[in-house]
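Given next are the chains, with one letter for each unit.
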Amino acid sequence: KHLDRISHIPETWEEKILIVDDEPVITDVIEAILSNEGMIDTAANGRIALEKVREKYYAAIISDVNMPLMDGIDFYKKAVELYPSIKKRFLFFSGGFDDKTTDFIKQNGLRYIPKPSRMQDIKNTVIEILSGG
């Protein structure tokens, strides 16, 4: 009887995921594949994303690197200044990394997936981030 009641209690906590990319098609696709994993917010550049990070906690952040106004690396650096533990919640999903960006990502032990990649790879990596891995 009690077990039946408990099973019908609505979820009170839903993980928040931020997708940062200047290409709406990319954000739409990633949002669709992650819709069952949590509440999704999007931002078209690092500047908007940084404002969102200041307003709420995100369990996972998927960011492009090459964007207008503030690129993904600058967004990452500023977010880490505000919240040092945020670095383990980042996933860079971008195409055409230059050597400087690749070195930065490797030196900081950050997760990245090159564009194009299988959407399942993104989903699996985000699930890993959400589970604390």
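Quick look at the structure, then. Nothing here was measured: the structure is a model prediction, and the numbers come from that model. (Residues numbered from 1 in each chain as written. Predicted model: local features only at pLDDT ≥ 70, side-chain atom pairs only at ≥ 80, totals over all residues. Heavy atoms only, no water.)

### Observations concerning the pairing of strand β2 (residues 39–43)
Pairing analysis gives 5 bridges linking strand β1 (residues 16–20) to β2, with the strands arranged parallel. Opposite Leu-18, over in β2, you have Asp-41 as the bridge partner. Crossover β1 to β2 through helix α2 (residues 24–34) is right-handed. (Pairing = 2+ DSSP bridges. Helix = DSSP H or I, 4+ residues; strand = E, 2+ residues; numbered from the N terminus. Right-handed = clockwise from strand over helix to strand, strands pointing away.)

### Notes on the packing of helix α4 (residues 72–82) against helix α5 (residues 99–107)
Two numbers describe how α4 lies on α5: the axes approach to 11 Å, and their chain directions differ by 30°. With respect to α5, the element α4 is oriented roughly parallel. The handedness of the crossing between α4 and α5 comes out as left-handed. Mapping the contact onto sequence places Ile-73, Tyr-76 and Lys-77 in α4 and Thr-101, Phe-104 and Ile-105 in α5. Here the residues of the contact of α4 with α5 sort into 4 nonpolar, 1 polar and 1 charged. (Axes fitted to C-alpha atoms, helices over the stretch in contact; angles between N-to-C directions. Parallel < 35°, antiparallel > 145°, perpendicular 65-115°, else oblique. Left-handed = near helix turned anticlockwise from the far one by under 90°. Contact = heavy atoms within 4.5 Å. Nonpolar A, V, L, I, M, F, W, Y, C, P; charged D, E, K, R; others polar.)

### Comments concerning the nonpolar core
Within the largest apolar cluster, 21 residues are counted, with the highest numbers of intra-cluster contacts made by Leu-18, Val-20, Val-53, Ile-61, Phe-75, Phe-90 and Phe-92. Top element by residues in this core is α4. It accounts for 4 residues. Once residues within four sequence positions are removed from consideration, Ile-61 is found in contact with Leu-18, Val-20, Val-53, Phe-75, Ile-86, Arg-89, Phe-90 and Leu-91. In terms of nonpolar packing, the next biggest core, distinct from the first, is built from 16 residues, Ala-59, Ile-113, Ile-122 and Leu-130 among them. (Core = buried A, V, L, I, M, F, W, Y, C linked by side-chain atoms within 4.5 Å. Buried < 20%, exposed > 50% of the residue type's maximum accessible area, 1.4 Å probe, protein only.)

### Some details on the environment of Ile-30
Within the secondary structure, Ile-30 sits in helix α2. Judged by relative accessible area, Ile-30 falls into the buried class, the value being 2%. Spatially, the C-alpha atom of Ile-30 lies 9.5 Å from that of Ile-40, the residues being 10 residues apart in sequence. If we ignore the near neighbours within four places in the chain, the residues touching Ile-30 are Ile-19, Ile-62, Phe-93 and Ile-122.

### Some words on the pairing of strand β3 (residues 60–63)
Residue alternation in β3 divides its side chains into two sets, Ala-60 and Ile-62 and Ile-61 and Ser-63, and both sets are buried. The pairing of β1 with β3 spans 4 bridges and is classified as parallel. Paired with Ile-17 across the strands is Ala-60, a residue of β3. Judged from the 3 bridges that link them, β3 and strand β4 (residues 90–94) form a sheet pairing that is parallel. Within the sheet, the bridge partner assigned to Ile-62 lies in β4 and is Leu-91.

### Considering the pattern of salt bridges
In the structure shown here, the tally under the stated rule is 6 salt bridges. Measuring nitrogen to oxygen at the nearest pair gives 2.8 Å for the salt bridge that ties Asp-21 to Lys-115. Of this pair, Asp-21 sits in the loop between β1 and α2 while Lys-115 sits in the loop between β5 (111–114) and α6 (119–130); the two residues are 94 residues apart in sequence, bridging distant segments of the chain. For Asp-21, a relative accessible area of 4% puts it in the buried group. (Salt bridge = Lys/Arg side-chain N within 4 Å of Asp/Glu carboxyl O.)

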